[in-house]
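Here is how the chains run, residue by residue.
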Amino acid sequence: LSLSNSLSLSRAPTRTVKDFDGNEDDAQLAEYQAKFLPEAGEVAEWEEEEPDLEDEDEEDEDDEGGEGGEAKGWFGKSAVGSFLKDSLDSATGNKVLTAEELAPVLDAMRQQLISKNVASEIALNITETVKATLVGQKLASFTRVKTMVTQALKSAVMRVLTPKKSTDILHEIISNRRSGKPYTIVFVGINGVGKSTSLAKVCYYLKQHNIKVMIAACDTFRSGAVEQLRSHARCLDVPLFEKGYLKDPGEVAKAAIDEGTANGFDVVLVDTAGRMQNNDKLMRELAKLVQINDPNLLLFVGEALVGNDGIDQLLMFNKALQTYIPRAQAHEVDGIVLTKFDTIDDKVGATLSMSYKTGQPVMFVGTGQKYTHLKKLNVNSVIRALFS
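Residues numbered from 1 in each chain as written. Predicted model: local features only at pLDDT ≥ 70, side-chain atom pairs only at ≥ 80, totals over all residues. Heavy atoms only, no water.

Draft legend 1. Structural context of the layout of surface pockets. Taken as a whole, the second largest pocket spans an internal volume of roughly 450 Å³. If you trace the second largest pocket, you find 22 residues lining it, with G192, V193, G194, K195 and T197 closest to the centre. Among the secondary structure elements, those contributing two or more residues to the lining of the second largest pocket are α1 (24-36) and α7 (195-208). The element that contributes the greatest number of residues to the lining of the second largest pocket is α7, accounting for five residues. Tallied by class, the residues present in the lining of the second largest pocket amount to three nonpolar, 12 polar and seven charged. (1 Å grid on protein atoms, 1.4 Å probe; cavity = no way out; pocket = protein on both sides within 12 Å on 5 of 7 lines; lining within 4 Å. Points joined across faces, edges and corners; volume = space filled by probe spheres on them. Helix = DSSP H or I, 4+ residues; strand = E, 2+ residues; numbered from the N terminus. Nonpolar A, V, L, I, M, F, W, Y, C, P; charged D, E, K, R; others polar.)

Structure representation (structure tokens):
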């Protein structure tokens with residue numbers, strides 16, 4: 001076994017000019033430094049403040065006019081009498097909402113959520129829940145039906161995305177120091193979603209907050225996986241625990257955690273093999289790793305621009321953990337990391353879909369290539385994008 005790169009952990013590195021002797025390892029290090037480390041003075045994205053959610057302005061009253069100047073009602077009705085009655089009821093707060101009146105607005109909202117990459121089943125479930133809460137309610141004075149529906153939908157989405165438990169990893173890690181063991185985070189996901197890079201970004205984030213971190217190379221299946229992590233570890237200036245390939249990943253993780261305990265590390269970040277959700281052998285290996293090590297946090301890494309496929313992957317990972325771990329030791333995915341969040345514009349629906357299906361929060365989103373391109377999910381920004 002090897003515990004390499006046992007270097008100073010006092011401060012996470014920034015990009016600096018170094019002298020290299022021309023050998024392959026130094027050339028690899030230089031490449032990683034140029035690719036992943038921030039420029040001097042660059043502010044990490046997790047430090048940037050995002051604006052709070054503001055109520056959307058109501059639509060212009062010009063929308064109330066139809067062709068030829070004929071007034072339209074709340075849903076495009078052309079009858080002037082109906083428009084005047086509905087307007088009066090709205091102004092006085094006497095209008096009672098019916099399922100028929102809500103249907104066209106909710107259908108439009110459902111289509112909007114789907115267009116923002118929310119899974120169609122989930123968009124339907126959320127709008128149906130909102131309909132059930134609004135039918136029979138009185139429309140608030142001077143409030144349009146669409147405005148009331150939008151506000152109710154935003155509240156429903158807020159409830160889904162707001163974590164039910166603490167997502168303050170730094171607080172959890174510091175509190176865990178009393179246990180005498182490192183706080184263990186296991187990263188799982190399918191092939192090619194940026195799992196190892198996400199782990200490296202989280203490592204950099206923790207180091208910036210003076211957390212003593214070690215990485216464990218438990219992808220003993222994919223050729224080149226250990227070498228990739230070794231390059232990240234050198235670039236990050238953190239130790240890497242490794243045993244090479246064709247080893248039991250659960251036992252490697254256990255040995256890494258024991259090593260972390262003996263050497264006073266705050267955190268062990270465990271990389272695992274990318275696996276398709278229907279690969280039974282690798283799923284059994286993952287379940288064993290989780291069972292024998294009982295990590296503090298099990299993070300599923302997926303791409304932000306996914307639809308039902310991403311949800312299916314996440315649910316299949318949870319199903320495998322349920323199937324292969326005894327009920328008394330049950331441990332499912334605790335949180336989600338979404339990569340390529342900077343590439344999706346306002347199509348942020350995967351955040352809602354995955355949290356809705358699992359009840360677990362999106363802990364981090366990746367917003368670029370560098371280690372500093374990582375931030376906590378801003379729920380208000382997601383809601384703003386979904387309803388823009």
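Alright, that's what it looks like, and here's the rest.
Draft legend 2. Just the pattern of salt bridges, in detail. For the structure on display, the rule yields 16 salt bridges. Among the ionic pairs, K95 bridges to E101, the shortest N-O distance being 2.7 Å. For K95, a relative accessible area of 5% puts it in the buried group. Accessibility expressed as a relative area gives 15% for E101, which makes it buried. A salt bridge links K195 to D271; its shortest N-O distance comes to 3.5 Å. (Salt bridge = Lys/Arg side-chain N within 4 Å of Asp/Glu carboxyl O. Buried < 20%, exposed > 50% of the residue type's maximum accessible area, 1.4 Å probe, protein only.)

Draft legend 3. Local environment of the confidence of the model for the protein. Across the protein, the average pLDDT comes to 84, with 81% of residues at or above 70. Every residue in residues 14-22 scores below 50 in pLDDT, and together they form 15 contacts with partners more than four places removed in sequence or on other chains. Contacts for the low-pLDDT stretch residues 55-92, under 50 throughout, to residues beyond four places or in other chains number 49 contacts. (pLDDT = per-residue confidence, 0-100. Contact = heavy atoms within 4.5 Å.)

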